[in-house]
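# Structure at a glance
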Amino acid sequence: MEDCLFCKIVANEIPTKKIYEDDKVLAFGDINPQAPVHILIIPKKHIAGLDDVREEDCALLGHIQLVASKLAEDNKLFDGYRLVNNCGIDGGQTVIHLHYHLLGGRTFGWPPG
């Protein structure tokens, strides 16, 4: 955890432009955006990935969903958006700290890649 990029952002050791913050989560813009709106939503609690979520984290995961919905509304993504979690190396997870990508502002294809 001491080398975790996102934990350092939460601890204000690495500056970022915060879009949303409360006592449980932090949201900020992705440094390599894949859509006009590309926001990362991370729990402040270090959880390596979705496989590491425990029953006591259920309320936190629900809170992340509510924050994502609020951020989508704040960004006027009324025609739709995508909320993505990459889990593990083969799933495309590059930072080993649970996080979600809120993407919007363009039409997405399926399958995603």
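Thresholds applied
Residues numbered from 1 in each chain as written. Predicted model: local features only at pLDDT ≥ 70, side-chain atom pairs only at ≥ 80, totals over all residues. Heavy atoms only, no water. Buried < 20%, exposed > 50% of the residue type's maximum accessible area, 1.4 Å probe, protein only. Helix = DSSP H or I, 4+ residues; strand = E, 2+ residues; numbered from the N terminus. Pairing = 2+ DSSP bridges. Axes fitted to C-alpha atoms, helices over the stretch in contact; angles between N-to-C directions. Contact = heavy atoms within 4.5 Å. Disulfide = S-S within 2.5 Å. Phe/Tyr/Trp six-rings, centres within 6.5 Å; stacked < 30°, edge-to-face > 60°. Salt bridge = Lys/Arg side-chain N within 4 Å of Asp/Glu carboxyl O. Lys, Arg positive; Asp, Glu negative; His and termini not counted. Polar contact = N/O pair within 3.5 Å; in protein donor to acceptor, adjacent residues only side chain to side chain.

### Quick look at the pairing of strand 3 (residues 37–43)
Most of strand 3 is tucked away: seven of the seven residues are buried. Of the two faces of strand 3, both are covered, the one formed by Val37, Ile39, Ile41 and Pro43 as well as the one formed by His38, Leu40 and Ile42. Sheet analysis places strand 3 next to strand 5 (residues 100–104), joined by five bridges and oriented antiparallel. Of the residues in strand 5, the one forming a bridge with valine 37 is glycine 104.

### Regarding the sheet that holds strand 1 (residues 18–21)
If you trace the five strands from one edge of the open sheet to the other, you get 1-2-3-5-4, paired in antiparallel fashion. Here the strands that pair on one side only, and so sit at the sheet edges, are strand 1 and strand 4 (81–84). Each strand axis lies, on average, 20° off the axis of its neighbour in the sheet, ignoring direction. One ladder, built from three bridges, connects strand 1 with strand 2 (residues 25–29); its direction is antiparallel. By the bridge assignment, lysine 18 is partnered in strand 2 with phenylalanine 28. On top of the sheet, helix 2 (residues 58–74) reaches strand 1, strand 2, strand 3, strand 4 and strand 5; it is set at about 155° to strand 3, its chief contact.

### Points about the state of the cysteines
In this structure the tally under the stated criterion is zero disulfides. Here cysteine 7 stays free of any disulfide, with the sulfur of cysteine 4 as its closest cysteine sulfur at 3.6 Å. The class of cysteine 7 is buried, set by a relative accessible area of 17%. As a non-bridged cysteine, cysteine 87 has cysteine 4 as the owner of its nearest cysteine sulfur, 15 Å distant.

### Overview of the packing of aromatic side chains
Per the stated rule, a full pass over the model turns up one aromatic pair. Look at phenylalanine 6 and phenylalanine 28: their rings are 5.7 Å apart centre to centre, the planes differ by 75°, and that puts the pair in the edge-to-face class. On the criterion of sequence distance, the pair formed by phenylalanine 6 in helix 1 (residues 5–10) and phenylalanine 28 in strand 2 is long-range, its members being 22 residues apart.

### A short note on the pattern of salt bridges
A side chain with one charge can pair with a side chain of the opposite charge if their charged atoms come near. Going through the model one piece at a time under the given rule, you end up with five salt bridges. Residue aspartate 23 pairs with lysine 24 through a salt bridge whose shortest N-O separation is 3.6 Å. Here lysine 24 falls in the partly exposed class, since its relative accessible area comes to 38%. Note that lysine 45 and aspartate 57 form a salt bridge whose closest N and O atoms lie 2.5 Å from each other. Residue lysine 45 is found in the loop between strand 3 and helix 2, and its partner aspartate 57 is found in the loop between strand 3 and helix 2; the two are separated by 12 residues along the sequence.

### Points about the side chain of aspartate 30
Following the sequence through the fold, aspartate 30 ends up in the loop between strand 2 and strand 3. There is no salt bridge for the buried aspartate 30, and the closest opposite charge comes from arginine 106, which lies 12 Å off by N-O distance. In this structure the side chain of aspartate 30 is engaged in a polar contact, spanning 2.7 Å, whose partner is the backbone nitrogen of asparagine 32. Apart from the residues lying within four places of it in its own chain, the contact partners of aspartate 30 are His38, Leu40 and His101.

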